[in-house]
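Structural overview
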Amino acid sequence: MDFDRLIPIIRRLALEAGDRIMEVYNGPDFEVKSKSDASPVTEADEAADAIISAGLRAEFPDVVLITEEQAASHALTAQTFFIVDPLDGTKEFVQRRGDFTVNIAYVENGVPLRGVVYAPARGRLFYTLADGSSVEETGALDKVRAGATRAISVSKPDNAGLMVVASKSHRDAATDDYIGKYACKDMKSAGSSLKFCLVATGEADLYPRLGRTMEWDTAAGDAVLRGAGGHVVRFDDHTPLAYGKPGWDNPFFIAHAPGVQLKK
């Protein structure tokens, strides 16, 4: 993969999808449908998916594309592929809480090497550069020309007082029990893949997820966190979270800055 070519394309597609999402978000009431797994989907999910999928297929026709909104793609198997969640955090979107993201990742040999996470309602855009390092872009977010960026890096955590981020819509007792094993200085809730980005920028040290997720929920955020020096590991044995798994399901996982002393 030519990363110098890839990064401007996925950045632009994320911004274009974000614009379409915000048109729906800021418009009149929109219909919310239920998918076969009872999760919500809106016209914004579908429109964003159409923009990203068409763009990736036009530019990289030979790379497998997995996307949440196209069930036929879920039957595919691959170790090198694009994986897309065009609107992660649909519950946050429906409730107009702002914590939703556009996610595009490139996975090679099971490793999420490059990705973009865009939170259009928050005006925050995170992505990996061609060299694999991660940045947050500041400024007007022009689609054609990238603006000023700042390099992002994980924290140097204090295990006597950690900053923890957890899911806003999927918090449960098991997660709270696990967080209780740590000395926490502060706890925040966030929706969607923004949680990975908060660890990547050093705004949080630890993000545990004890609940069902799919690879399209995590790959882009994982890539951004990886490029900022962080890790995403399986909850059970603390080995790196791998991609291209049968069915695209994830096990429970922990995203963290390297200095966090992980608990079993």
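What comes next concerns the included structure. (Residues numbered from 1 in each chain as written. Predicted model: local features only at pLDDT ≥ 70, side-chain atom pairs only at ≥ 80, totals over all residues. Heavy atoms only, no water.)

Helix and strand counts for the protein come out as six helices and 16 strands. The C-alpha radius of gyration computed for the protein amounts to 17 Å, which stays within 12% of the reference 18 Å derived for 264 residues, consistent with globular compactness. Along the first, second and third principal axes, the C-alpha atoms of the protein reach 50 × 40 × 40 Å. Within the protein, the proportion of its 264 residues that are buried is 55%. Surface accessibility of the protein: about 10,800 Å² in total, with carbon and sulfur atoms responsible for 50%. (Helix = DSSP H or I, 4+ residues; strand = E, 2+ residues; numbered from the N terminus. Rg over C-alpha atoms; globule rule 2.2 N^0.38 Å. Buried < 20%, exposed > 50% of the residue type's maximum accessible area, 1.4 Å probe, protein only. Areas by Shrake-Rupley, 256 points an atom, 1.4 Å probe, with all protein chains shown as cover.)

Take C197: it is sitting in helix α5 (residues 194–200). Residue contacts for C197: discarding those within four places in its chain leaves V117, F126 and V224. (Contact = heavy atoms within 4.5 Å.)

Right, let's get into the packing of helix α1 (residues 3–25) against helix α2 (residues 43–59). Packing of α1 against α2 brings their axes to within 9 Å, and their N-to-C directions diverge by 160°. When the axes of α1 and α2 are compared, the pair comes out roughly antiparallel. Viewed along their axes, α1 and α2 form a crossing whose handedness is right-handed. Residue-level contacts link R5, I9, I10, R12, L13, E16, A17, R20, I21 and V24 of α1 to E43, A44, A47, A48, I51, I52, G55, L56 and E59 of α2. In the contact of α1 with α2, the residues fall into 12 nonpolar, one polar and six charged. (Axes fitted to C-alpha atoms, helices over the stretch in contact; angles between N-to-C directions. Parallel < 35°, antiparallel > 145°, perpendicular 65-115°, else oblique. Left-handed = near helix turned anticlockwise from the far one by under 90°. Nonpolar A, V, L, I, M, F, W, Y, C, P; charged D, E, K, R; others polar.)

With that settled, the discussion passes to the pattern of salt bridges. Under the defined criterion, the tally for this structure stands at 16 salt bridges. Between E23 and R20 there is a salt bridge, with its nearest N and O atoms 3.2 Å apart. Linking E23 with R20, this pair stays in helix α1, spanning three residues, or about one helical turn. Judged by relative accessible area, which is 27%, R20 ranks as partly exposed. Ionic contacts of the salt-bridge type, sharing partners, join the residues R124, E136, R150 and E203 into one network. (Salt bridge = Lys/Arg side-chain N within 4 Å of Asp/Glu carboxyl O.)

An α-helical turn contains 3.6 residues, so any two residues separated by three or four positions project in the same direction. Taking 1.5 Å per residue, 13 residues should reach 18 Å; helix α6 (residues 215–227) reaches 18 Å between its end C-alpha atoms and fits that length. Burial of α6 is extensive: 12 of the 13 residues sit out of reach of the surface. For α6, the complete set of buried residues consists of E215, W216, D217, T218, A219, A220, G221, D222, A223, V224, L225 and G227. Immediately beyond the C-terminal end of α6, within one or two residues, lies G229, with a positive phi of roughly 95°. (Expected span 1.5 Å × (residues − 1).)

The strand order across the open sheet formed by seven strands is β3-β4-β5-β6-β7-β8-β9, and the pairing between neighbours is mixed. Strand pairing shows two members of the sheet lacking a second neighbour, β3 (64–67) and β9 (149–151), which therefore form its edges. With direction set aside, neighbouring strand axes in the sheet form an average angle of 20°. As defined by bridge partners, strand β8 (residues 134–137) adjoins β9 across three bridges and the pair is classed as antiparallel. Across the sheet, residue E137 finds its bridge partner in β9, namely T149. Running at roughly 35° to strand β6 (residues 111–119), α1 makes contact with β4 (81–88), β5 (101–108), β6, β7 (124–128) and β8 of the sheet. (Pairing = 2+ DSSP bridges.)

A separate point is the environment of G161. Residue position: G161 is located in the loop between β9 and β10 (162–167). In this structure G161 comes out as buried when scored by relative accessible area, which is 10%. Each C-alpha atom, one on G161 and one on K143, is 40 Å from the other, the two residues being 18 residues apart in sequence. With sequence-adjacent residues up to four places away left out, G161 is seen in contact with A183, C184 and K185.

Everything listed here is a matter of geometry and, on its own, says nothing about what the molecule does.
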